[in-house]
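Working through the structure, step by step
The chain contents come next:
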Amino acid sequence: MFTANENILLRQHKRRVIDYVESTIPEDALDLGTAVMAMQVSCRQPGCVPLETAITVVFPKPPCKLKKKKKRNATQNSANDKQNEEAEEEEEVPSFPKPLLPNLEESRIGGNFKTRILKPLADVTKDDVLDALPPSFAGGRRTVESICIKARDMIFAQIGQLVGGSSGGEEESKDSVEGRRLVAEYLKVCLNEYVERGCVPPEWGEKDGWGSSSKEGDDENDDTAKKSEDENISEYAGTNDDTKSGSIKWGEGNIVFKRPTEEDNDEKDGK
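Our subject in this report is the structure included herewith. (Residues numbered from 1 in each chain as written. Predicted model: local features only at pLDDT ≥ 70, side-chain atom pairs only at ≥ 80, totals over all residues. Heavy atoms only, no water.)

Digging into the packing of helix α5 (residues 144-163) against helix α6 (residues 174-196)
It is the contact of α5 with α6, at a shortest axis distance of 10 Å, that shows an interaxial angle of 135°. Considered as vectors, α5 and α6 are oriented oblique to each other. Considering how the two elements wind past one another, α5 and α6 form a crossing that is right-handed. Taking contact as the criterion, the partners of Ile 155, Ile 159, Gly 160 and Val 163 in α5 are, on α6, Ser 176, Gly 179, Arg 180, Val 183 and Leu 187. Residues that form the contact of α5 with α6 fall into these classes: five nonpolar, three polar and one charged. (Axes fitted to C-alpha atoms, helices over the stretch in contact; angles between N-to-C directions. Helix = DSSP H or I, 4+ residues; strand = E, 2+ residues; numbered from the N terminus. Parallel < 35°, antiparallel > 145°, perpendicular 65-115°, else oblique. Left-handed = near helix turned anticlockwise from the far one by under 90°. Contact = heavy atoms within 4.5 Å. Nonpolar A, V, L, I, M, F, W, Y, C, P; charged D, E, K, R; others polar.)

Okay, structure coming up:
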């Protein structure tokens, strides 16, 4: 619960954020009844910030219009379709001739535009508001590119905080660099699986079924390395009958020791 003084401060911050948003909306849209609401909400779900600011822009409802259907002539109607010969009236979807804000459909049909700022009301600045609004609002900077860059920076920052040593300086240990590389490789696989599954994330902390491609890739690499090693051994051994029969004793490196056979002894005695 908030105290009286905290409520007063919260209302002041709310008024300040609303003023930031209203400064990006044309005066004629505000005169028609466009309203801005801002509130501070808490989130206890995993991965959420404790307090965030929710902003809603409510655009006015346009006047309703009635469209009158033209009466069909007798030649166009069949005997079983006589009820459609009478004039009917139907309600069109109400809308303004053009959007109150350019390229924002919600402003044309009287809908709501919602956005969030991952900060409490007291910490929100005008730059934060502009970053949360699309270019349809004056000065808005929220685009697909800006969202991607922000998500990228947040992920990299989290990797650095969890693994450590993300400054990029010469004092970084090899372990911290390798740790960040392993996390990045795992996330790359998970992002591909996230797209393949219709952008549905796993449950918080779920491990089964995610990142499996990375493990399969490691197994394939191990199999490939083992196969390559076997091929190298085959090259050293040659393809003679002694190798096929298993009469070869292996040493280290490229040195090969051949165990004496009965044929070798007979040849020695003959000499």
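Still to come is the rest of the account.
With respect to the pairing of strand β2 (residues 51-58)
If a strand is regular, its side chains alternate between the two faces of the sheet. Buried residues dominate β2, accounting for six of its eight residues. In this structure, β2 lies alongside strand β5 (residues 112-117), joined through six bridges in antiparallel fashion. Bridge pairing links Val 57 to Phe 113 in β5. (Buried < 20%, exposed > 50% of the residue type's maximum accessible area, 1.4 Å probe, protein only. Pairing = 2+ DSSP bridges.)

Quick word on helix α1 (residues 4-22)
Under the 1.5 Å per step criterion, the end-to-end length of α1 is 27 Å for 19 residues, consistent within 8% with the ideal 27 Å. Residues of α1 that are buried sit in contact with β1 (35-42), β2 and α4 (126-132). (Expected span 1.5 Å × (residues − 1).)

Focus: the sheet that holds β2
If you trace the three strands from one edge of the open sheet to the other, you get β1-β2-β5, paired in antiparallel fashion. Taken across any chain shown, the strands that pair with only one partner, and hence form the sheet edges, are β1 and β5. This sheet shows a mean twist of 20° between the axes of neighbouring strands, independent of strand direction. Note that β1 and β2 share eight bridges and pair antiparallel.

Section: the nonpolar core
Formed by 23 residues in total, the largest nonpolar core has its most connected members in Ile 25, Val 57, Phe 59, Leu 101 and Phe 137. When residues of this core are traced back to their parent elements, those giving at least two are α1, β1, β2, β5 and α4. Tallying contributions element by element places α1 first for this core, with four residues. The contacts of Phe 137, once residues within four sequence positions are left out, are Thr 24, Ile 25, Val 57, Phe 59, Leu 101, Leu 104 and Phe 113. (Core = buried A, V, L, I, M, F, W, Y, C linked by side-chain atoms within 4.5 Å.)

What about α5?
Over its 20 residues, α5 runs 29 Å from end to end, which matches the ideal 28 Å to within 8%, given 1.5 Å per residue. Downstream of α5 by a residue or two, Gly 164 has a phi angle that is positive, lying close to 95°.

A short note on the pattern of salt bridges
Using the criterion set out here, one finds ten salt bridges in the structure. Arg 108 serves as the salt-bridge partner of Glu 105, at 2.6 Å between the closest nitrogen and oxygen. Here Arg 108 and Glu 105 lie together in helix α3 (residues 105-109), a separation of three residues that amounts to about one turn. Judged by its relative accessible area of 39%, Glu 105 is partly exposed. (Salt bridge = Lys/Arg side-chain N within 4 Å of Asp/Glu carboxyl O.)

So, the side chain of Thr 53
By the element assignment, Thr 53 lies in strand β2. Among the residues examined, Thr 53 registers a relative accessible area of 0% and is labelled buried. Beyond its immediate chain neighbours, meaning those up to four positions away, Thr 53 contacts Met 39, Thr 115, Arg 116, Ile 117, Lys 119, Pro 120, Leu 121 and Val 124.

A look at a nonpolar patch on the surface
A cluster of nonpolar residues, Ile 155, Phe 156, Tyr 186 and Leu 187, forms a patch on the protein surface that exposes about 360 Å² of accessible area. Mapping Phe 156 onto the fold places it in helix α5. What makes Phe 156 exposed here is its relative accessible area of 53%. (Patch = residues over 30% accessible without salt bridge, like charges linked within 9 Å, V, L, I, M, F, W, Y side chains within 5 Å. Areas by Shrake-Rupley, 256 points an atom, 1.4 Å probe, with all protein chains shown as cover.)

A short note on the packing of aromatic side chains
Tallied over the full model, the rule gives one aromatic pair. A ring pair is formed by Phe 113 and Phe 137, whose centres lie 5.3 Å apart and whose planes are at 45°; its orientation type is tilted. On the criterion of sequence distance, the pair formed by Phe 113 in strand β5 and Phe 137 in the loop between α4 and α5 is long-range, its members being 24 residues apart. Comparing Phe 113 with Phe 137, the two get one shared label, buried. Taking NZ or CZ as reference, Arg 197 lies 4.3 Å from the ring centre of Trp 210, over its face. (Phe/Tyr/Trp six-rings, centres within 6.5 Å; stacked < 30°, edge-to-face > 60°. Lys NZ or Arg CZ within 6 Å of the ring centre and 35° of its normal.)

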